[in-house]
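Below are the chains, spelled out letter by letter.
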Amino acid sequence: MGLFILRRLGVMLLTALCLTFIVFWLTNLQPNLEKLAKTQGNARMSDEAVETWLGNRGYTRNVFVKYGEWLGVLPGYVIEGTDGETRGRCANNSTITEDTATFCGVLQGDWGYSTVFRDEVSSILGERGWQTAKLMFFVMLVMVPGALIIGVLAGMKEGSRTDRSLSTVSILSTATPEYVSGVVFIAVFATATFNMQWFKGTATSAMDNITFENFTLPVLTVALYGMGYIARMTRASMTEVMTAQYIRTARLKGVSFRNIVLRHALRNALIAPFTVIMLQFPWLLNGVVIVETLFNYKGFGWTLVQAAGNNDIEMLLGVSVVSVFVVLATQLISDIGYVFLNPRIRIS
Amino acid sequence: MEALTWTGSLGSTLGPVMIIAVAVFVLAVVGNFVAAFATSTQQVTAAGGAVVVPWRWSDKTSFFELAIPAIAVGLVLYALEAFTADPTLSAWLAELGLPGWLNTTITALVFLLMGGFFAYLLQRAPAALFEWLIRWSFIVIVGVIVAFIFFSQFAGYGNAGIVGEMAKQFLPVWLALILTFTLSIIFKRRLGLYGKLFDSVIGMIGFGLVMFWVFTAVFVGIFDLVGTHDPLAQISGLKNQPPGVPMPEGEAGFAHYLLGGDNLARDIFSRMVEGSVIVMMIAPLATLFAFMVGITLGLPAGYYGGRLDTFLSFLANLILAFPVILLFYLLVTPEIIATGLPNYMAMVLFIFPLVFFGVLIHSRYRNQPSKDYLILAIVLVPLLMLYLSVINQQGSPIDFWPLDFFDIPGGILVVFVSVVFVNSPTVFRIVRGLALDIKTRDYVAAAQTRGERPWYIMLWEILPNARGPLIVDFCLRIGYTTILLGTLGFFGLGLPPESPDWGSTINEGRKLLLIYAHPALPPAIALLSLVLGLNLLADGLREESLKD
């Protein structure tokens, strides 16, 4: 088990390195840098001015060197620019002093500076990430129990009408992407079109003060898309358990249906959905980006869209590090959890 | 010209029947759900033969057995009351001047009690009653819809309202659907898995929805039917107008904007049907390409295993660990398009179909060289010409081939490439898993003993036996690709902003959603119905293929 986790951690680290390098490389392609120079410096700069602007800030060097600096394994640049100013990476592009560190990368805890939000990347990530964590928490609170109940009810009696109607409901929910359900929810419940103006169509106010009125629609929108998939997995696992020999034995012994479902079937049926729920996190991240854009909720996903739209290199890298970490960590947890929950693997 | 109502005079006759049927259907579904908690019997087959065992939720009437149904029925009653009663109970109580908490408590109690009462009654009703009610109310609903579509074809202009006029516009689609279904049902015993689809209601509904949009795309894209206006034409005065708005005096052409006008005064209905063309052009083809890539890489990974497998799996997991939207934002921006990266990716990804067909043919006819070369030439030469024409774009970094027949508009190529790129790792994983499973079978061992080459075994022994799950996944994946295309449009990536594809139109509509809800809804519902159709189709196919 220890070796298994160690190996997984190694692969995780390698994946994270590769992914961040890809993001780094893509954001550092020449047209992207030109765009950055024009948005940061002056929109009407000549090509030469763009080149000097980039050169003075160390953007024109080899991509591997820049990546090493960002990572913190190579010393940050100190460039004496053509305009006479000396800029150091570790001094936020101002003149270096004696207490400026030599290395300033992610490994040293320096995530860089966001050119769009004009703030430290780490503080933005913390603040926005907290907003998204709140959203995620409520999504999980709605999605997981809802999906498990639907899945268990459907899987209790395979082929019954309850099963078929609940399965159709879960198919419907997997077929409704967030931008469709979100739009429909807003149109129905937040505008006067259908006379059911029960909720708010934006969640901006929920950033400080979560209420039933402003948070229901975003949470429902994200939860709905994932719910169907988890419910179908739960149903499949439940039907499999319900046809097992030991359930039939219990039935013939005269154990009541409730006891069979709650005492005998449920525990075994919930192993598979656990992994599925864990693997849903990356998908939730997607949903979060859409919903935060749609409902104007300024969290992690909204930050991603803003950073990507303006080629904010260090912000984007920070966002990708966090999301890649979430994806890989949930994969690891789901693998370990599967081994831990399943007695057949655990004991042998 | 007057504005159109939703269903016109035809609706006033069929409307009440529809409302009653829908109400009965909803009640019967809830009742059936409630009855599931009550006593029923079930046959259990044991070693000694079949035994009938009472199938009860618990030994004695428990809290759950009544409480959950009571809450469910209570909620339905509450919803019904909110729609029909005026004033509602809580509004009436509020008028009496009760404090809020007491008002809520009384309302909740009343509906819970009523729910409990009805739930008790429903649980005592025979289960067969609900089956009967659900079936017949469903048939009535479908019947009313079909009757409405049928009669509206003969109703005068405007008599059947907006829905009727839309039904008229879709006439070629209806005819094509009727023809398809009639022929398929008549010959279903000779059509293999496709024919079996017509044994399952779910599968038929899914197939109907999918074919509806396929035919719409064909008739709009090739014959220019169905749509009422030019999807890009703006008519002043119709900006953000509600559905059924008449054209201003003196404008030629169709007399109304059936689903209203959007923010730039364009016809929403025409844009919606035009959007299906773009989806139908990209989604199935992109999925097919993703399958080619996934199969060509997944089969050897599963069959050989070892280093190759480790390497390819690592690559696949690498792409899968990217949040899709981040990847799109990195790949589908004007700056990246300027670097020519999508063209290089297209060069790599589009070579896979050639490799696939080349290996497929060569592994089969390896021992008959003359036949081998003939078939290879027939298949590969046109494919190669196509390949070179597709990847060779004027003004892009790849511009060397003189025989360039056509250029794909830049936006579409980028969207296509990124969708294929995102989809292929998942297909790779599925194919790899299937290959791992199937390579242990006896017929593979037999082929190995016969001395067949590895690629022959992979493509002619393993692949045909993996077709069931792959076909099902293909349907699901087209739906997923449609969702991805919508996501791209929703973020305004790739396709030009005036493009009528569903994602872009939703994106346009959402900006004013809180003021004008009607522009965003039709494309959203269209996308939903297509993806739902594909999911139901996949479900039906899975069910029928399991029966073999």
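Along each chain, residue indices are assigned from 1 in the same order as the chain's sequence is written. The order in which chains are written sets their letters, starting at A; the order in which ligands are written sets their numbers, starting at 1. Local features in this predicted model are restricted to residues of pLDDT 70 or higher, and side-chain atom pairs are both shown and tallied only at a pLDDT of 80 or more, whereas totals for entire chains, interfaces and linings draw on every residue. The side-chain quantities take in all heavy atoms of the structure and omit both hydrogens and water.

- Looking up chain A in an unreviewed UniProt entry gives the name Peptide ABC transporter permease, with the organism given as Salibaculum griseiflavum.
- The record held by UniProt for chain A lists under Sequence similarities (unreviewed entry) the comment "Belongs to the binding-protein-dependent transport system permease family."
- Its UniProt record, at the heading Subcellular location (unreviewed entry), says of chain A: "Cell membrane". UniProt positions are given in the numbering used here, feature names are shortened, and annotations may be inferred rather than shown by experiment.

### A closer look at the interface of chain A and chain B
No. 1: By the convention used here, residues are in contact when the closest approach between their heavy atoms is within 4.5 Å. Facing the 66 residues of chain A at the interface are 61 residues of chain B.
No. 2: Summed over both sides, the interface between chain A and chain B buries roughly 5,700 Å², with carbon and sulfur atoms accounting for 76% of that surface.
No. 3: By the criterion of area lost to chain B, the three top residues of chain A are Arg 161, Tyr 179 and Arg 251 of chain A, representing 13% of everything that side buries.
No. 4: Each salt bridge in this description consists of a side-chain nitrogen of Lys or Arg and a carboxyl oxygen of Asp or Glu lying within 4 Å of one another. Linking chain A with chain B are two salt bridges, by the criterion used here.
No. 5: For this analysis, a polar contact is any N or O atom pair within 3.5 Å, provided that within protein one partner can donate a hydrogen and the other can accept it, and provided that sequence-adjacent residues contribute only side-chain to side-chain pairs. Taken together, the links from chain A to chain B amount to three residue pairs in polar contact (both at pLDDT 80 or more).
No. 6: Classifying every residue of the side of chain A that touches chain B gives 42 nonpolar, 17 polar and seven charged. When two components associate, each loses some accessible surface as probed by a 1.4 Å sphere; the sum of these losses over both components is called the buried area. Note on residue classes: Ala, Val, Leu, Ile, Met, Phe, Trp, Tyr, Cys and Pro are nonpolar, Asp, Glu, Lys and Arg are charged, and everything else, Gly too, is polar.

### Some thoughts on the domain arrangement of chain A
All names here are of chain A.
No. 1: In this entry, domain limits derive from an automatic or database-based domain assignment. We note that the domain assignment places domain 1 (2-110) and domain 2 (124-341) within chain A.
No. 2: Its C-alpha centre places domain 1 at a distance of 37 Å from the equivalent point of domain 2.
No. 3: Among the residues of domain 1 in contact with domain 2, Arg 8, Met 12 and Thr 27 are the three that bury the most area, contributing 32% of the side total.
No. 4: Taken together, the connections running from domain 1 to domain 2 amount to zero salt bridges.
No. 5: Counting across the domain 1 and domain 2 interface gives one residue pair in polar contact (both at pLDDT 80 or more).
No. 6: By definition, any uninterrupted DSSP run of H or I lasting at least four residues is a helix, any uninterrupted run of E lasting at least two residues is a strand, and each is numbered from the N terminus. Of all elements in the fold, only helix H1 (2-27) and helix H2 (30-40) reach the threshold of two or more residues within the side of domain 1 that touches domain 2.
No. 7: For the side of domain 1 that touches domain 2, the element with the most residues is H1, which contributes twelve residues.
No. 8: Residue composition of the side of domain 1 that touches domain 2, by class: twelve nonpolar, five polar and three charged.

### Concerning helix H12 (residues 281-294) of chain A
Residue and element names in this part refer to chain A.
No. 1: One less than the number of residues in a helix, times 1.5 Å, gives the span that helix is expected to have. With 14 residues, H12 should reach 20 Å at 1.5 Å per residue; the first-to-last C-alpha distance of 20 Å fits that figure.
No. 2: Counting buried positions over the 14 residues of H12 gives 13, a clear majority of the element.
No. 3: Once H12 finishes, Asn 296 follows within two positions and takes phi at roughly 55°, a positive value. Buried residues are those whose accessible area, probed at 1.4 Å on protein chains only, stays under 20% of the maximum for their type, while exposed residues exceed 50% and partly exposed ones sit between those limits.

### Overview of the UniProt feature "domain: ABC transmembrane type-1" (unreviewed entry) in chain A
No. 1: Residues annotated in UniProt with the feature "domain: ABC transmembrane type-1" (unreviewed entry) correspond here to residues 133-334 of chain A.
No. 2: As a span, residues 133-334 of chain A carries 78% helix and 0% strand, and end to end its C-alpha atoms are 19 Å apart.

### Quick look at the packing of helix H20 (residues 467-490) of chain B against helix H22 (residues 521-546) of chain B
Packed helices, taken two at a time, are described by the angle between their axes plus the distance between the axes.
All names here are of chain B.
No. 1: Two numbers describe how H20 lies on H22: the axes approach to 8 Å, and their chain directions differ by 165°. The orientation of H20 relative to H22 falls into the category roughly antiparallel. Where H20 crosses over H22, the two elements pack in a sense that is left-handed. Between H20, through Ile 471, Val 472, Cys 475, Leu 476, Ile 478, Gly 479, Thr 482, Ile 483 and Gly 486, and H22, the contact on the second element is made entirely by Leu 527, Leu 530, Val 531, Leu 534, Asn 535, Leu 537, Ala 538, Leu 541 and Arg 542. Here an axis means a line fitted to C-alpha atoms, over the contact stretch when the element is a helix, while the angle between two N-to-C directions is reported on a 0 to 180 degree scale. We call two directions roughly parallel when the angle between them is under 35 degrees, roughly antiparallel when it is over 145, roughly perpendicular when it lies between 65 and 115, and oblique otherwise. Left-handed describes a crossing whose near helix is turned anticlockwise from the far helix by less than a right angle; the clockwise case is right-handed.

### Thoughts on the pattern of salt bridges
No. 1: Under the defined criterion, the tally for this structure stands at 18 salt bridges over all chains.
No. 2: Glu 335 of chain B serves as the salt-bridge partner of Lys 35 of chain A, at 3.8 Å between the closest nitrogen and oxygen. Within this pair, whereas Lys 35 of chain A is found in helix H2, its partner Glu 335 of chain B is found in helix H13 (residues 334-339), the two belonging to separate chains.
No. 3: The class for Glu 335 of chain B is buried, based on a relative accessible area of 16%.
No. 4: Residue Arg 235 of chain A is joined to Asp 163 of chain A by a salt bridge in which the shortest nitrogen-to-oxygen separation is 2.6 Å. Note that Arg 235 of chain A is positioned in helix H8 (residues 212-242) and Asp 163 of chain A in helix H6 (residues 161-174), a separation of 72 residues in sequence.
No. 5: By sharing partners, the salt bridges in this structure join Asp 262, Arg 266, Arg 271, Glu 508 and Lys 511 of chain B into a single network.

### Section: a nonpolar patch on the surface
No. 1: The grouping of Leu 66, Ile 106, Val 110, Met 114, Phe 117, Phe 118, Tyr 120 and Leu 121 of chain B at the surface amounts to a nonpolar patch, some 680 Å² of accessible area in total.
No. 2: Looking at the nonpolar patch, the element that brings in the most residues is helix H4 (residues 100-124) of chain B, giving seven residues. The patches reported here contain residues having more than 30% relative accessible area and no salt bridge. Joining distances are 9 Å for like charges and 5 Å for nonpolar side chains (Val, Leu, Ile, Met, Phe, Trp, Tyr). The accessible surface values rely on the Shrake-Rupley method and a 1.4 Å probe; as for residues, cover is taken only from the protein chains in view.

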